[in-house]
Amino acid sequence: MRNFILGTDWWTDCDDAVALRIISRFVNKGEIKLKGIIINAAMEYSYASLKGFLLNEGIADMPIAIDLEATDFGGKPSYQKRLKENFSPELENPEKSDPIKLYRKLLAESCGQVEIMEIGFLQVIAGLLESEADEYSPLSGAELVKSKVKKFWVMAGKWDKDGERENNFCRNARSRAAAEKFCRICPVPVTFLGWEIGFDVITGGKLEKDDPLYKVLCDHGSFNGRSSWDPMLVLLALIGDEEKAGYSLIKGTASVDSSDGSNYFEKNEKGLHGYVIKKLENQYYEDLINNIIK
Ligand SMILES: [Ca+2]
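Residues numbered from 1 in each chain as written. Predicted model: local features only at pLDDT ≥ 70, side-chain atom pairs only at ≥ 80, totals over all residues. Heavy atoms only, no water.

Let us now look at the layout of surface pockets. Estimates place the volume of the largest pocket at around 180 Å³. Every residue lining the largest pocket is counted, 15 residues in all, and those nearest its centre are D13, E166, N167, N168 and W229. Within the residue set of the lining of the largest pocket, elements represented by two or more residues are helix 1 (15–28), helix 7 (167–170) and helix 11 (229–239). Taken together, the residues of the lining of the largest pocket sort by class into four nonpolar, three polar and eight charged. (1 Å grid on protein atoms, 1.4 Å probe; cavity = no way out; pocket = protein on both sides within 12 Å on 5 of 7 lines; lining within 4 Å. Points joined across faces, edges and corners; volume = space filled by probe spheres on them. Helix = DSSP H or I, 4+ residues; strand = E, 2+ residues; numbered from the N terminus. Nonpolar A, V, L, I, M, F, W, Y, C, P; charged D, E, K, R; others polar.)

Let us look at the coordination of the calcium ion. Only D9 (OD), D16 (OD), D16 (OD), I119 (O) and D230 (OD) from the protein coordinate the calcium ion, and they sit 2.3 to 2.6 Å from it. Between consecutive donors of the calcium ion, the numbers of intervening residues give the motif D-x6-D-x102-I-x110-D. With D9 in the loop between strand 1 (2–8) and helix 1 and D230 in helix 11, this pair connects stretches of sequence that are 221 residues apart. D230 matches D9 in its accessibility class, with the two residues each being buried. (Donors = N, O, S within 2.8 Å, 3.2 Å for Na, K, Ca; no water. Buried < 20%, exposed > 50% of the residue type's maximum accessible area, 1.4 Å probe, protein only.)

Next up on the list: the side chain of S46. Among the secondary structure elements, S46 is positioned in helix 2 (residues 46–57). Its relative accessible area of 0% is what places S46 among the buried residues. If sequence neighbours within four positions are ignored, S46 has contacts with W10, I39, A41, I66 and N93. (Contact = heavy atoms within 4.5 Å.)

Further remarks concern the pairing of strand 5 (residues 149–155). The element strand 5 is largely enclosed, with a buried count of six among its seven residues. Where strand 4 (residues 114–119) lies against strand 5, five bridges are found, and the strand directions are parallel. Within strand 5, the residue paired with E118 across the bridge is V154. Two strands pair when backbone bridges link them, and strand 5 and strand 7 (residues 190–193) are joined in this way by four bridges, in the parallel orientation. Across the sheet, the residue bridging to W153 is T191, located in strand 7. (Pairing = 2+ DSSP bridges.)

Moving on, we get to the confidence of the model for the chain. Residue-level pLDDT values for the chain average 98, and 100% of them are 70 or greater. Mean pLDDT per element in the chain: helix 3 (residues 80–87) is the minimum at 97, and strand 7 is the maximum at 99. (pLDDT = per-residue confidence, 0-100.)

A few words on the packing of helix 1 against helix 2. One way to put it is that helix 1 packs onto helix 2 with a least axis distance of 10 Å and a crossing angle of 40°. Relative to helix 2, helix 1 is oriented oblique. The hand of the helix 1/helix 2 crossing is right-handed. Every residue of helix 2 that contacts helix 1 at A17, L20, R21, S24, R25 and N28 is listed here: L50, F53, L54 and E57. Among the residues forming the contact of helix 1 with helix 2, the class breakdown is five nonpolar, two polar and three charged. (Axes fitted to C-alpha atoms, helices over the stretch in contact; angles between N-to-C directions. Parallel < 35°, antiparallel > 145°, perpendicular 65-115°, else oblique. Left-handed = near helix turned anticlockwise from the far one by under 90°.)

Turning to the packing of helix 4 (residues 99–109) against helix 6 (residues 141–148), a few remarks are in order. For any two helices packed against each other, one specifies the inter-axial angle together with the distance between the axes. Relative to each other, helix 4 and helix 6 sit at 40°, their axes nearing to 10 Å. One element, helix 4, and the other, helix 6, form an angle in the oblique class. Considering the relative orientation of helix 4 and helix 6, their crossing is left-handed. Residues R104, L107 and A108 of helix 4 touch helix 6, and the partners they reach there are G141, L144, V145 and K148. Residues that form the contact of helix 4 with helix 6 fall into these classes: four nonpolar, one polar and two charged.

The next point concerns the pairing of strand 11 (residues 262–267). As paired elements, strand 6 (residues 164–165) and strand 11 share two bridges and run antiparallel to each other. Looking across to strand 11, one finds that R165 is bridged to S262. Here strand 10 (residues 247–256) folds back onto strand 11, and the loop between the two strands holds five residues, one of which, G261, carries a positive phi near 80°.

This is how it looks when you write it as structure tokens:
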């Protein structure tokens, strides 16, 4: 069975919750194993709201770590308070949490290879890549990733032309530095799904009105559905094959300018990086996602 770890900002946008509904469907059918979740943006209700959502999905039995220092992304997360109140009112953020250690532990203890899905900011993964030997592994972070991570699937960037700026890369100095580092030093293949892929694929608007996921979308103001960046990324990862998932893959080397978060791509068939292009009409992806999450 394929093993995954998820990184999510679980922040101002509600598409992370739609993505987690898709993941929960695959986990509950026994099709994949989700070994843990790393929250890479922190607000008062981060841990409780995510845990509450997972409890309702029936997949809460996994470790969660949170980057408690990552409070500087700006904006007002809209749906977390209700999730906490409805599903886990007694829970609070942990006083201490070490998300890099959790990545190291999960990777070191995994018998098989792991795939990492990232639908938020990259500073924890950049920290993992630069981490040193510890009680879990004598390997450096880059060596550990090289030996245990088969591939990263990352929602970030805008790849239809060079010099574009997308939120997960360019949100602030923290995310920009991490994105630059990740593209430069990650030693294993990465497939990016960019902003241009998901913005006009709208999902979640057909959910039952009493579905907690629909309430998440409503709290975000997305009563008729929301752009599908994170859902499309996780579904692509879970299918595990760009062509089968309805995309072409452009291979090469991605880079990010840490001064402004702009992204660039040099095409090269032997490159470790790739970004996807849709092969089908938006309706195809919308129907696929809406059918899974209903
Ligand atoms: Ca996200």
